[in-house]
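Report on the structure
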Amino acid sequence: MLPAQFDYSVAQTVDEAISLLQKYGDDAKLLAGGHSLLPIMKLRLAQPRHLVDISRIPGLRGVRREGDVLVIGALTTHYELETSSLLQAHCPLVSQTAREVGDTQVRNRGTIGGIVAHADPAADYPAMVLALEAQLSVAGPRGTRTVSALDFFHGFYTTDLAPDEILTEVRVPVLGPGTGTAYGKWTRRACDFAVVGGAAAVGVAGGPIRRAAVALTGVGDKAVRASAVEQALSGRPATESSLREAAQLAAEGLEPPDDLNASADFRRHLARVMTRRVLEKALQSAMSR
């Protein structure tokens, strides 16, 4: 099916893009890589009357370090994240997650900003930014602001972004020695969205677990932190048995969907399994850093 008819503008600056969003209001949608928006337009699930192409705006692409923070431009592609030496060395969870996104075409065209702003409840990056407690930079007609990933996702395809605002940067921490990370997901077919996916960051200091962050995707109307797991691991010995016991708490408080891909009960089971797997990988990584 072809999309409904629409008009098209190319923004050269962030301010121009914001002005176009204000001009066209609810009739406008931003276009970056297009791998989230165009498929739903072809299905006529979205019928914007005006597309604002932001893919050519300079300064919104690439990874740089600012002190203890890595700044990722919203237009940075999944492939660029996967292969970034800065991310691999200092915040590997981003590269690990990017490697699991879609297929080669998607990874070379799709952008981190597009996925985060789209907020698909089964997408990969929302779990990653939650586990890292990333800070998201947002620009709009009222200026710029920073939103914690913990506050950004409101629900099904709904975020803290106002209709006339643009996500410009994702800021993630530089992870020091003794912190390991992992991302993994269970899918029905290669390159699919997650039926259930998990991101983990585990910090050890030559003894007990000093910090554990776990986030899950595919388990509700948005990605969530597995707080019961995190609390159970705090101060516990850095052993596989500790991880297995804590992972059993991963389904606490979840209300996963029951659909053609998986039943709610199977998703709860997968939440426990994927949590255990990513925690074990993250712990192994932490011991070698």
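Here is a short report on the structure shown in this document. (Residues numbered from 1 in each chain as written. Predicted model: local features only at pLDDT ≥ 70, side-chain atom pairs only at ≥ 80, totals over all residues. Heavy atoms only, no water.)

Quick look at the side chain of Ser148
- Secondary-structure assignment places Ser148 in strand β7 (residues 143–148).
- Ignoring sequence-local partners within four residues, the contact set of Ser148 consists of Ala134 and Gln135. (Helix = DSSP H or I, 4+ residues; strand = E, 2+ residues; numbered from the N terminus. Contact = heavy atoms within 4.5 Å.)

Examining the pairing of strand β6 (residues 135–140)
- In terms of burial, β6 is a largely internal element, five of the six residues being buried.
- Sheet analysis places β6 next to β7, joined by six bridges and oriented antiparallel. Across the sheet, residue Val138 finds its bridge partner in β7, namely Arg145.
- In textbook terms, the turn of a hairpin is the stretch between consecutive antiparallel strands, and for β6 and β7 this stretch comprises two residues.
- Strand direction decides the pairing type here: β6 and strand β10 (residues 166–173), joined by five bridges, are antiparallel. Within the sheet, the bridge partner assigned to Leu136 lies in β10 and is Val170. (Buried < 20%, exposed > 50% of the residue type's maximum accessible area, 1.4 Å probe, protein only. Pairing = 2+ DSSP bridges.)

Observations concerning unusual backbone geometry
- With a phi angle near 50°, Glu133 is a residue other than glycine that sits in the positive phi range.
- The exposure class assigned to Glu133 is partly exposed, which follows from its relative accessible area of 34%.
- For Tyr157, which is not a glycine, the phi torsion comes out positive at approximately 55°.
- Of the residues examined, Tyr157 reaches a relative accessible area of 38% and is grouped as partly exposed.

Here's the deal with the packing of aromatic side chains
- What the rule picks out here adds up to three aromatic pairs.
- An angle of 75° between the planes, with centres 4.4 Å apart, marks the rings of Phe156 and Tyr157 as edge-to-face.
- We classify Phe156 as exposed; its relative accessible area is 52%.
- Measuring from centroid to centroid gives 5.4 Å for Trp186 and Phe266, while their planes differ by 85°, and the two rings are edge-to-face. Note that Trp186 is positioned in strand β11 (residues 179–186) and Phe266 in helix α12 (residues 264–288), a separation of 80 residues in sequence.
- A relative accessible area of 31% places Trp186 in the partly exposed class. (Phe/Tyr/Trp six-rings, centres within 6.5 Å; stacked < 30°, edge-to-face > 60°.)

Some details on the nonpolar core
- One finds Val94, Tyr125 and Val172 to be the most contacted residues of the largest nonpolar core, which totals 39 residues.
- Contributing elements (two or more residues each) for this core: β5 (69–73), α5 (92–98), α7 (112–118), α8 (125–132), β6, α9 (149–152) and β10.
- Of the residues forming this core, the biggest block, seven residues, is contributed by α8.
- Excluding residues within four positions of it along the chain, Tyr125 makes contact with His78, Leu81, Thr97, Ala98, Val101, Ile112, Ile115 and Val116.
- Membership of the second largest hydrophobic core comes to 29 residues, among which are Ala200, Val204, Leu254 and Leu279. (Core = buried A, V, L, I, M, F, W, Y, C linked by side-chain atoms within 4.5 Å.)

Some thoughts on the environment of Thr111
- Structurally, the position occupied by Thr111 is in the loop between α6 (104–109) and α7.
- The class for Thr111 is buried, based on a relative accessible area of 7%.
- Those residues in contact with Thr111 that lie beyond four places of it in its chain are Ala32, Gly33, Ala74, Leu75, Thr76, Thr77 and His78.

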